[in-house]
Amino acid sequence: MPKYAMVIDMTKCAACQACTVACEAEWGLPPGEKFTRLEEREIGKFPNVRREFLLIQCQHCDKAPCIEVCPTGATYKREDGIVLLDDKRCAGCKYCMVACPYQARVINHEKGVPEKCRFCYHRVEQGKKPACVSTCIGEARYFGDLEDPNDEIHRIIHQKQAKPLRGDLGTKPSIYYVR
């Protein structure tokens, strides 16, 4: 069984948000609902200041706080590591939104449930890459099997010393960043 993961190489990201638009189109998201957000930060002190961009989305954590707090079991993790939400079981309590340290959930006002990145599981099941990966013009996103030492993602994590976002939280994210 694969263990899916993603690498986002922020040194190659043009901050064009093509990934965000591809995700919106793939899932037919209503205006204002985004599974990926682009944060801009200033790093350093004057006169040595630079801008840094960071793409934030569901981290598909191995120890996902959203799963632990869900009272109905609507949020769950598949064997391949993809964290999903069954909106038919969701009570709309929003505990998962509060528990997520990455603030990766957004409310679908039509359904009344929190939603998030799904790693385009339907595409992955067909042997394709998630929409955000396949549309990235800077080739800054990689997706693959973390358990396969021959997979490109495994090599990139080690060669580029990619690290998870806020690894100190103990959630064991499945998205790694090159910064």
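Criteria and cut-off values
Residues numbered from 1 in each chain as written. Predicted model: local features only at pLDDT ≥ 70, side-chain atom pairs only at ≥ 80, totals over all residues. Heavy atoms only, no water. Helix = DSSP H or I, 4+ residues; strand = E, 2+ residues; numbered from the N terminus. Rg over C-alpha atoms; globule rule 2.2 N^0.38 Å. Buried < 20%, exposed > 50% of the residue type's maximum accessible area, 1.4 Å probe, protein only. Areas by Shrake-Rupley, 256 points an atom, 1.4 Å probe, with all protein chains shown as cover. Pairing = 2+ DSSP bridges. Contact = heavy atoms within 4.5 Å. Axes fitted to C-alpha atoms, helices over the stretch in contact; angles between N-to-C directions. Core = buried A, V, L, I, M, F, W, Y, C linked by side-chain atoms within 4.5 Å. Salt bridge = Lys/Arg side-chain N within 4 Å of Asp/Glu carboxyl O.

1. A closer look at the overall build of the protein chain
- A count of helical and extended segments in the protein chain gives six helices and ten strands.
- Taking 179 residues into account, the globule formula puts the C-alpha radius of gyration at 16 Å, and the protein chain, at 16 Å, falls close to it.
- Taking the principal axes of the C-alpha coordinates as reference, the protein chain spans close to 50 × 40 × 30 Å.
- Within the protein chain, the fraction of its 179 residues that count as buried is 46%.
- In the structure as shown, the protein chain presents an accessible area of about 9700 Å², 49% of it carried by carbon and sulfur atoms.

2. A look at the sheet that holds strand 9 (residues 163–164)
- Strand order in the open sheet made by the four strands is 8-1-10-9, with mixed pairing throughout. The open sheet has two free edges, formed respectively by strand 8 (141–145) and strand 9, since each of these has just one partner strand.
- Here strand 1 (residues 4–9) pairs with strand 8 via five bridges, running antiparallel. Residue pairing across strands places Met6 opposite Phe143, the latter belonging to strand 8.
- Sheet strands touched by helix 6 (residues 152–159): strand 1, strand 8 and strand 10 (175–178). Its angle to strand 8, the strand with the most contacts, is close to 120°.

3. What to know about the pairing of strand 2 (residues 37–45)
- Bridging between strand 2 and strand 3 (residues 48–56) involves nine bridges; their strand directions are antiparallel. Its bridge partner lying in strand 3, Arg41 is registered against Glu52.
- Between the antiparallel neighbours strand 2 and strand 3 lie two residues.

4. Structural notes on helix 1 (residues 18–27)
- Among all positions in helix 1, only Cys19, Thr20, Ala22, Cys23 and Glu24 are buried.
- Close packing links the buried residues of helix 1 with strand 3, helix 5 (131–135) and strand 8.
- Within two residues after helix 1, Gly28 carries a phi angle of roughly 60°, on the positive side.

5. Overview of the nonpolar core
- Grouped together as the largest cluster of nonpolar side chains are 31 residues, with contacts concentrated most on Met6, Ile8, Tyr102, Phe119, Phe143 and Tyr177.
- Sorting the residues of this core by element identifies strand 1, helix 1, strand 3, strand 5 (83–85), helix 5 and strand 10 as the ones contributing at least two each.
- Each residue touching Phe143, except ones within four places of it in the same chain, is listed here: Tyr4, Ala5, Met6, Phe119, Val124, Lys129, Pro130, Val133 and Ile153.
- Judged by nonpolar contacts, the second largest core, of ten residues, contains Val7, Tyr142, Ile157 and Ala162.

6. Looking at the pattern of salt bridges
- Per the counting criterion, the structure on display carries 16 salt bridges.
- Of the charged contacts, one joins Arg118 and Glu115 as a salt bridge, the two residues approaching to 3.0 Å between their closest N and O atoms. The residues Arg118 and Glu115 share a single accessibility class, namely buried.
- Notably, a salt bridge pairs Arg155 with Glu152, separated by 3.8 Å at the nearest N-O pair. Taken as a pair, Arg155 and Glu152 lie in helix 6 at a separation of three residues, close to a single helical turn.
- Taking relative accessible area as the criterion, Glu152 reaches 41% and is therefore assigned partly exposed.
- Members of the salt-bridge network, linked through shared partners, are Asp87, Lys111, Glu115 and Arg118.

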